[in-house]
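Analysis of the macromolecular model
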Amino acid sequence: MNNSILQAQDTKELLKAVIKLRNCLEDPLANTWQSALNDLEQACKSLPEPPILALMNKIHHLLSPYIENIGLENIPGEIINDCHIYIQKLEEVIAIHVMDPMLTTHDIAQSKPFLLIGLQDKQLTEEIIHQVIYFGYPSLACHSLHEIIQKVDASSTIYSAIILDTEYCKKEDLQTLKELSEKVPIIFISHHHDVASRLFAVQAGGRGYLVSPLEFTNLIEKIDQITTPTSERSPYRILIVEDSRTQAKVIRKHLEKAGMITEILLDPLKINDVLIEFQPDLILLDLYMPQCSGVDLAKVIRQQDMFVGIPIVYLSAEEDVGMQLTAIRGGGDDFLTKPIVPQYMIDAIAARAARSRTLRAEMIMDSLTETLNHTRILEQLELEIARAKRNKTPLSFAMIDIDHFKLINDSHGHPVGDRVIKGLARLLKQRLRRSDSIGRYGGEEFAIILPQTEPETFYAKLDEIRRGFSKLLHRSSDPLIEFSATFSAGLAKFNNQIHSVDEFVQAADKALYEAKAKGRNCIVLDGKSTLLP
Ligand SMILES: Nc1nc2c(ncn2[C@@H]2O[C@H](COP(=O)(O)OP(=O)(O)OP(=O)(O)O)[C@@H](O)[C@H]2O)c(=O)[nH]1
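Calculation rules
- Residues numbered from 1 in each chain as written.
- Predicted model: local features only at pLDDT ≥ 70, side-chain atom pairs only at ≥ 80, totals over all residues.
- Heavy atoms only, no water.
- UniProt positions renumbered as here; feature names shortened; annotations may be inferred.
- Pairing = 2+ DSSP bridges.
- Helix = DSSP H or I, 4+ residues; strand = E, 2+ residues; numbered from the N terminus.
- Axes fitted to C-alpha atoms, helices over the stretch in contact; angles between N-to-C directions.
- Core = buried A, V, L, I, M, F, W, Y, C linked by side-chain atoms within 4.5 Å.
- Buried < 20%, exposed > 50% of the residue type's maximum accessible area, 1.4 Å probe, protein only.
- Contact = heavy atoms within 4.5 Å.
- Phe/Tyr/Trp six-rings, centres within 6.5 Å; stacked < 30°, edge-to-face > 60°.
- Near = heavy atom within 4 Å.
- Polar contact = N/O pair within 3.5 Å; in protein donor to acceptor, adjacent residues only side chain to side chain.
- Areas by Shrake-Rupley, 256 points an atom, 1.4 Å probe, with all protein chains shown as cover.
- Salt bridge = Lys/Arg side-chain N within 4 Å of Asp/Glu carboxyl O.
- Parallel < 35°, antiparallel > 145°, perpendicular 65-115°, else oblique.
- Left-handed = near helix turned anticlockwise from the far one by under 90°.
- Nonpolar A, V, L, I, M, F, W, Y, C, P; charged D, E, K, R; others polar.

The name given to the protein chain in an unreviewed UniProt entry is diguanylate cyclase, with the source organism recorded as Candidatus Berkiella aquae. According to UniProt, the comment filed for the protein chain under the heading Catalytic activity (unreviewed entry) is "2 GTP = 3',3'-c-di-GMP + 2 diphosphate". Looking at the Cofactor (unreviewed entry) heading of the UniProt record, one finds this comment for the protein chain: "Mg(2+)".

Okay, here's the thing in structure tokens:
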């Protein structure tokens with residue numbers, strides 16, 4: 001047996017033992033927790049990773065004084081609670097180990113905090129626990145709103161989200177829920193579609209409302225959204241088009257103080273270059289400029305499909321409402337009148353930019369993987385080609401395709417196939433730079449754009465990702481069956497033999513085809529890109 005098969009077997013046994021002990025400690029009638037503890041200790045020996053051993057020791061230390069007592073009722077509640085916390089930490093470490101055996105203990109320490117799951121349906125709870133662990137979120141099941149509140153108030157653990165059944169909430173709990181949601185964000189799960197139920201969730205401070213039967217990918221996306229710290233989200237990029245340098249600098253000062261990134265454009269005739277280069281979330285446009293009016297410039301921007309989604313907000317001293325309406329009709333989205341209180345300007349711009357990002361994300365993102373969709377990745381490629389040509393910088397493009405994906409679907413089912421696709425997307429997002437663009441080109445095929453990168457440099461990185469992905473264990477619909485998958489990739493460099501987006505895609509696609517022909521699970525560099533093997 002090779003190493004990875006051994007490791008998969010060990011991890012499986014360990015996970016089985018952890019689940020067994022957790023179940024025993026949850027069931028007051030179970031009197032087999034001692035043997036479950038023993039099994040877990042044995043299983044831990046086969047994977048002697050420092051964090052696993054440390055957590056096992058803590059659980060042993062807590063339970064060993066009660067080893068002679070049969071019934072769970074002899075163990076104080078706080079000891080059981082602490083055990084659950086260490087058990088879920090253990091599940092987290094195992095989950096991360098399953099997801100990526102190459103991660104170090106330091107990476108594990110940096111991993112995400114826990115979720116609390118309060119759902120009436122036991123089977124759904126189990127399924128969610130398995131699914132969220134797969135995506136790096138360990139979780140703890142609770143059986144009432146009261147238990148959740150107790151856990152949040154008593155534990156030193158910082159919970160990152162609560163997944164809560166509306167069946168656990170009564171009308172009179174509204175205030176309690178509001179207070180709870182201020183401490184930990186709540187995602188409500190409900191059987192009810194009606195507005196009154198949704199309104200209750202909003203009034204309770206809910207950050208999400210998902211209706212059963214639950215689509216797991218939606219739940220994971222919601223959790224991802226909530227648990228990503230604001231500081232990790234990229235700041236809004238605001239383009240200030242203004243003929244007065246002094247005015248522009250004052251606006252810049254206020255927006256940058258509020259954490260936004262700005263670019264000033266004094267010459268409106270250079271708008272296209274700046275839009276390609278800076279890629280703003282919003283354009284703040286002066287109405288009267290010597291070269292052209294703001295309204296005309298807005299019309300020019302709107303003529304071009306590539307820029308049609310960027311919101312345009314006028315900032316002008318024009319007080320005539322008729323003129324303001326004409327400006328908005330000409331392609332603007334909002335009108336802010338000078339002089340303006342800086343905080344009002346910041347709030348108005350941030351709200352517009354946030355809404356536009358959400359709308360754009362829906363238009364341009366693939367909903368399963370939260371990477372760019374097919375159309376958008378090609379548009380981005382066009383922008384990056386223009387940028388590379390102008391700045392004379394290198395540009396690489398890769399096509400990645402999961403191997404024998406039909407077989408994965410056929411053996412484990414379509415939803416499991418979806419999870420494999422999502423797992424690869426997540427790995428790519430984790431390992432690539434923010435400036436790289438990742439798109440879902442087709443079913444199990446991804447496209448990656450790497451600005452300012454030579455393919456030779458990216459080859460090593462992509463190969464590391466390829467090796468990591470092949471070690472990742474995926475869980476089948478039966479949680480105890482695991483399997484691994486591989487991908488093949490074709491890599492191409494933009495050069496003077498390539499004249500269009502289509503040719504660039506074809507070059508990477510041809511290399512991908514060669515990688516498949518070579519036996520898969522490898523990367524091929526397009527012959528014209530480089531002389532490297
Ligand atoms: N689960 C899932 N399957 C998909 C999705 N989109 C496409 N597929 C399936 O992916 C499979 C792709 O199979 P093929 O293109 O024949 O190739 P393959 O089996 O991956 O084999 P090679 O690419 O030659 O290694 C087809 O069965 C599609 O139905 C999706 O979004 N989710």
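Turning our eyes to something else, we now look at the sheet that holds strand S8 (residues 282-285). The 5 strands lie next to each other as S7-S6-S8-S9-S10, forming an open sheet whose pairing is parallel. Unpaired on one side and paired on the other, strand S7 (261-265) and strand S10 (334-337) mark the two borders of the sheet. Across the sheet, the mean angle separating the axes of adjacent strands is 20 degrees when strand polarity is ignored. Strand direction decides the pairing type here: strand S6 (residues 237-241) and S7, joined by 5 bridges, are parallel. Pairing of Arg237 across the sheet is with Ile261, part of S7.

Moving on, we get to the nonpolar core. Within the largest apolar cluster, 31 residues are counted, with the highest numbers of intra-cluster contacts made by Leu21, Leu25, Trp33, Leu40 and Leu63. Within the residue set of this core, elements represented by two or more residues are helix H1 (3-26), helix H2 (33-45), helix H3 (50-63) and helix H4 (77-99). Broken down by element, the residue count for this core peaks at 8 residues, all from H1. Ranked by size, the runner-up nonpolar core spans 30 residues in total, among them Ile400, Phe405, Ile408 and Ile523.

Moving on, we come to the sheet that holds strand S2 (residues 139-142). In a beta sheet, neighbouring strands are held together by backbone hydrogen bonds and run either parallel or antiparallel to one another. Pairing within the open sheet is parallel, and its 5 strands lie in the order S2-S1-S3-S4-S5. Only two strands of the sheet have a single partner each, and these edge strands are S2 and strand S5 (208-211). Between one strand axis and the next, the sheet turns by 20 degrees as a mean value, whatever way the strands run. Sheet analysis places strand S3 (residues 159-165) next to strand S4 (residues 186-190), joined by 4 bridges and oriented parallel. Note that in S4 the partner of Leu164 across the bridge is Phe188. Across the sheet, helix H8 (residues 174-183) lies against S3 and S4, angled at about 130 degrees from S4, the strand it touches most.

Taken as a whole and assessed by the stated rule, the structure comprises 4 aromatic pairs. Taken together, a centroid distance of 5.5 Å and an interplanar angle of 65 degrees make the contact between Phe494 and Phe504 edge-to-face. Of this pair, Phe494 sits in the loop between strand S16 (487-493) and helix H20 (501-517) while Phe504 sits in helix H20; the two residues are 10 residues apart in sequence, bridging distant segments of the chain. The pair formed by Phe494 and Phe504 is uniform in burial state, with each residue classed as buried.

The full set close to the ligand counts 16 residues, and Phe405, Asn409, Asp418, Arg440 and Arg520 are the nearest of them. Asp418 places a side-chain nitrogen or oxygen 2.7 Å from a nitrogen atom of the ligand. Taking Glu444, its side chain carries an N or O atom lying 3.2 Å from an oxygen atom of the ligand. Bound to the protein, the ligand loses 64% of the 670 Å² it would expose on its own. Secondary-structure elements contributing two or more residues to the shell around the ligand are strand S11 (395-402), helix H17 (405-412) and helix H18 (414-431). For the shell around the ligand, the element with the highest residue contribution is H18, accounting for 4 residues.

Turning our attention to the UniProt feature "modified residue: 4-aspartylphosphate" (unreviewed entry) in the protein chain. According to UniProt, the feature "modified residue: 4-aspartylphosphate" (unreviewed entry) maps to Asp165 and Asp286 in the numbering used here. The residue Asp165 is located in strand S3 in this model. The exposure class of Asp165 is buried, given its relative accessible area of 9%. In this structure, Asp165 is in contact with Gly118, Leu119, Gln120, Asp121 and Ile189, ignoring residues within four places of it in sequence. Along the polypeptide, Asp286 turns up in the loop between S8 and helix H13 (294-303). Leave out the neighbours within four places in its chain, and Asp286 touches Val241, Glu242, Asp243, Gly294, Leu315 and Lys338.

Next up on the list: the pattern of salt bridges. The final tally for this structure, using the stated rule, is 21 salt bridges. Of the charged contacts in the structure, one is a salt bridge between Asp153 and Lys183, with a shortest N-O distance of 3.1 Å. Of this pair, Asp153 sits in helix H7 (residues 145-154) while Lys183 sits in helix H8, and the two are 30 residues apart along the sequence.

Where H7 meets H8, the axes come as close as 11 Å, and the angle between the chain directions of the two elements is 40 degrees. The angle between the axes of H7 and H8 places the two elements in the oblique class. Considering only the axes of H7 and H8, their crossing is left-handed. Two secondary-structure elements touch here, H7 through Leu145, Ile148, Ile149, Val152 and Asp153 and H8 through Thr176, Leu177, Leu180 and Lys183. Here the residues of the contact of H7 with H8 sort into 6 nonpolar, 1 polar and 2 charged.

A separate point is the environment of Phe188. By secondary structure assignment, the location of Phe188 is in strand S4. On the basis of relative accessible area, Phe188 is assigned to the buried category, the value being 0%. Placed 24 residues apart in sequence, Phe188 and Leu164 show a C-alpha to C-alpha distance of 4.9 Å. Apart from residues lying up to four places away in sequence, Phe188 is in contact with Leu164, Thr166, Cys169, Leu177, Ala201, Ala204, Gly206, Gly208, Tyr209 and Leu210.

Along the chain, the position of Ser488 falls in strand S16. There is a polar contact of 3.2 Å between the side chain of Ser488 and the backbone nitrogen of Asn521.

What follows concerns the environment of Ala36. Within the fold, Ala36 resides in helix H2. Measuring from C-alpha to C-alpha, the distance between Ala36 and Ile19 comes to 9.2 Å, with 17 residues separating the pair along the chain. When sequence neighbours within four positions are dropped, the list of residues in contact with Ala36 reads Lys20, Leu21 and Cys24.

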